[in-house]
Amino acid sequence: MSSYAEELRATAQAMMAPGKGILAMDESHSTCNQRFEKLGIPTTEERRRAYRELILTTPKLSDFISGAILYDETIRQSSQAGLPFTQMMQAAGLIIGIKVDTGAKDLAACAGEKVTEGLDGLRERIAEYYQMGARFAKWRAVITIGSQMPSLTCLEANAHALARYAALCQEGGLVPIVEPEVLIDGNHSIQRCDEVTDQTLQVVFSQLRLQKVALDQMVLKPSMVISGQDCAQPASVEQVAEFTVNCLRRNVPATVPGIAFLSGGQSNLQASQHLNLINAQYADRLPWRVTFSYARAIQQTALEHWAGNDAQIPAAQQLLYHRAKLNGAASLGQYSAEMEQQQPVLA
Ligand code: 13P
């Protein structure tokens, strides 16, 4: 058992505090730069820093956000006034999270499939991040749905890496967020996504057990069970909620303290509606807290509004706060369509 067991349980509980979720702001340089380029924002370290400062200085963000996941560059950065982001987060009551994988790379012998890397030197990196104040970590595995995909090779390789990562995190005092993302890309049905998510979670939990990961000291970050984005007959909100709940109930042990979904390319509206219905309709049948760990579904509107123009920072922060608030409500099953109309009035 990890000597950090008590601390890890407490951190996991705090990450899953009622009415709150986790903000993913751990885009790698290349992902962040791609999003900046689309909006004509210079892809410099300074602009990435300015954007992350915008997010972290959003007033009262911790009303609805328990913790935020940073990227390696970000955890080392400071505000324009020279205050380290880590200190700003601690003062704001935000738990510090860190992405520790080094990205999804092509999987040899499996065309079109990926395996996430980053295990080399991970024990030492975890120790450094813990010293810097991080208390949880994230590792994202990517599963693609296609005619011959996913292969068992891909599922096993990714699950093995996720489990090795999670065990190292627990040894070093970080709560592992275990993120097996079944991609929304493609024209597959919700039934096919269900099948693949089922298979993925089975392999992931089998590997977590094999690597002796304490299931009560981790957070699962899955994708929802949803039809592919090019599916001719998109699944309804009711179907997504029902399929997702059933799939998770079949596969996720009750000892796991919490589930925090990724948004995975869903619209803002869908991400809030789905999370809300899952909680409104099924919370009394779920053994875990179910909330969000969204990046795009919380950040995108704010990013577009800011678009690199610092005069827009207060307005962008209002937009960010608004989406955090709506998803906080959805994590309690208390979100409503009317709340979408209460858009902040922007100057
Ligand atoms: P999205 O919510 O944009 O899918 O991002 C979540 C995340 O952390 C992906 O790893």
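Rules used throughout
- Within every chain, residues take consecutive numbers counted from 1 along the sequence as written.
- In keeping with the model being predicted, local features are shown solely for residues with a pLDDT of at least 70 and side-chain atom pairs are shown and tallied solely at 80 or more, while totals for entire chains, interfaces and linings include all residues.
- Note: side-chain values were computed over all heavy atoms of the structure, leaving out hydrogens and water.
- UniProt positions are given in the numbering used here, feature names are shortened, and annotations may be inferred rather than shown by experiment.
- A single heavy atom is enough: if one lies within 4 Å of a molecule or strand, its residue is considered near that molecule or strand.
- We define a polar contact as two N or O atoms separated by no more than 3.5 Å, with the added condition that, inside protein, one atom must be a possible hydrogen donor and the other a possible acceptor, whereas residues neighbouring each other in sequence contribute only through side-chain atom pairs.
- Methods summary: accessible areas were calculated by the Shrake-Rupley approach with a probe of 1.4 Å, and residue burial reflects only the protein chains presented.
- For this scheme, ten residues count as nonpolar: Ala, Val, Leu, Ile, Met, Phe, Trp, Tyr, Cys and Pro. Four count as charged, namely Asp, Glu, Lys and Arg, and the remainder, Gly too, count as polar.
- Among buried residues, those of type Ala, Val, Leu, Ile, Met, Phe, Trp, Tyr and Cys that are joined through side-chain atoms within 4.5 Å constitute a nonpolar core.
- Exposure is judged per residue with a 1.4 Å probe applied to protein chains only, and the accessible area is read against the type maximum: over 50% gives exposed, under 20% gives buried, and values in between give partly exposed.
- The numbering of helices and of strands both runs from the N terminus, where a helix is a DSSP run of H or I of at least 4 residues and a strand a run of E of at least 2.
- Whether two residues are in contact is decided by their heavy atoms: any pair within 4.5 Å suffices.
- Note on aromatic pairs: the rings of Phe, Tyr and Trp (six-membered ring only in Trp) are paired at centre separations within 6.5 Å, and the planes decide the class, stacked below 30 degrees, edge-to-face beyond 60, tilted for the rest.
- Comment: the charge-over-ring label is applied if NZ (Lys) or CZ (Arg) is within 6 Å of the ring centre and within 35 degrees of the ring normal.
- All axes are obtained by fitting lines to C-alpha atoms, using only the stretch in contact for helices, and the reported angles, taken between N-to-C directions, cover 0 to 180 degrees.
- Here roughly perpendicular refers to angles of 65 to 115 degrees, roughly parallel to angles under 35, roughly antiparallel to angles over 145, and oblique to all remaining angles.
- Two helices cross in a left-handed way if the nearer one is turned anticlockwise from the farther one by less than a right angle. They cross in a right-handed way if the turn is clockwise.

An unreviewed UniProt entry lists the protein chain under the name Probable fructose-bisphosphate aldolase class 1, with Pegethrix bostrychoides GSE-TBD4-15B given as the organism. Recorded under Catalytic activity (unreviewed entry), the UniProt text for the protein chain is reproduced unchanged: "beta-D-fructose 1,6-bisphosphate = D-glyceraldehyde 3-phosphate + dihydroxyacetone phosphate". The Sequence similarities (unreviewed entry) field of the UniProt record for the protein chain holds the comment "Belongs to the class I fructose-bisphosphate aldolase family."

Topic: the site of the ligand
In the vicinity of the ligand, the contacting residues are Ala-24, Lys-138, Arg-140, Glu-179, Lys-221, Leu-262, Ser-263, Gly-264, Ser-293, Tyr-294, Ala-295 and Arg-296. At 2.6 Å, a backbone N or O of Gly-264 approaches an oxygen atom of the ligand. With the chains in place, 93% of the 300 Å² that the ligand exposes on its own is no longer accessible. When its residues are assigned to classes, the shell around the ligand shows four nonpolar, three polar and five charged.

Observations concerning the nonpolar core
With 115 residues, the main nonpolar core has Tyr-165, Phe-205, Leu-208, Leu-220, Phe-261, Tyr-294 and Trp-306 as its most contacted residues. Per-element accounting of this core gives the leading share, ten residues, to helix α7 (residues 152–172). Discounting residues that sit within four places of it in the chain, Trp-306 has contacts with Phe-36, Ile-41, Arg-47, Ala-50, Tyr-51, Leu-54, Gln-312, Ile-313 and Ala-316.

What to know about the packing of aromatic side chains
The geometry of two aromatic rings is summed up by the distance between their centres and the angle between their planes. The tally for this structure, following the rule as stated, stands at seven aromatic pairs. Aromatic side chains Phe-36 and Tyr-51 sit 5.9 Å apart centroid to centroid with 80° between the ring planes, which places their arrangement in the edge-to-face category. One end of the pair, Phe-36, is in helix α2 (residues 29–38); the other, Tyr-51, is in helix α3 (residues 45–56), and 15 residues separate them in sequence. Judged on exposure class, the residue Phe-36 and its partner Tyr-51 are both buried. In this structure an aromatic cluster arises from ring pairing among Phe-36, Tyr-51 and Trp-306. Geometry around Tyr-130 places Arg-135 over its ring, the cationic atom sitting 3.7 Å from the centre.

Topic: the packing of helix α11 (residues 296–306) against helix α12 (residues 313–330)
Packing of α11 against α12 leaves a shortest axis separation of 8 Å and a crossing angle of 165°. Considering the angle they form, α11 stands roughly antiparallel to α12. Of the two possible hands of crossing, α11 and α12 adopt the one that is right-handed. Between α11 and α12, the contacting residues are Ala-297, Ile-298, Gln-299, Thr-301, Ala-302, His-305 and Trp-306 on the first element and Ile-313, Ala-315, Ala-316, Leu-319, Leu-320, Arg-323, Ala-324 and Asn-327 on the second.

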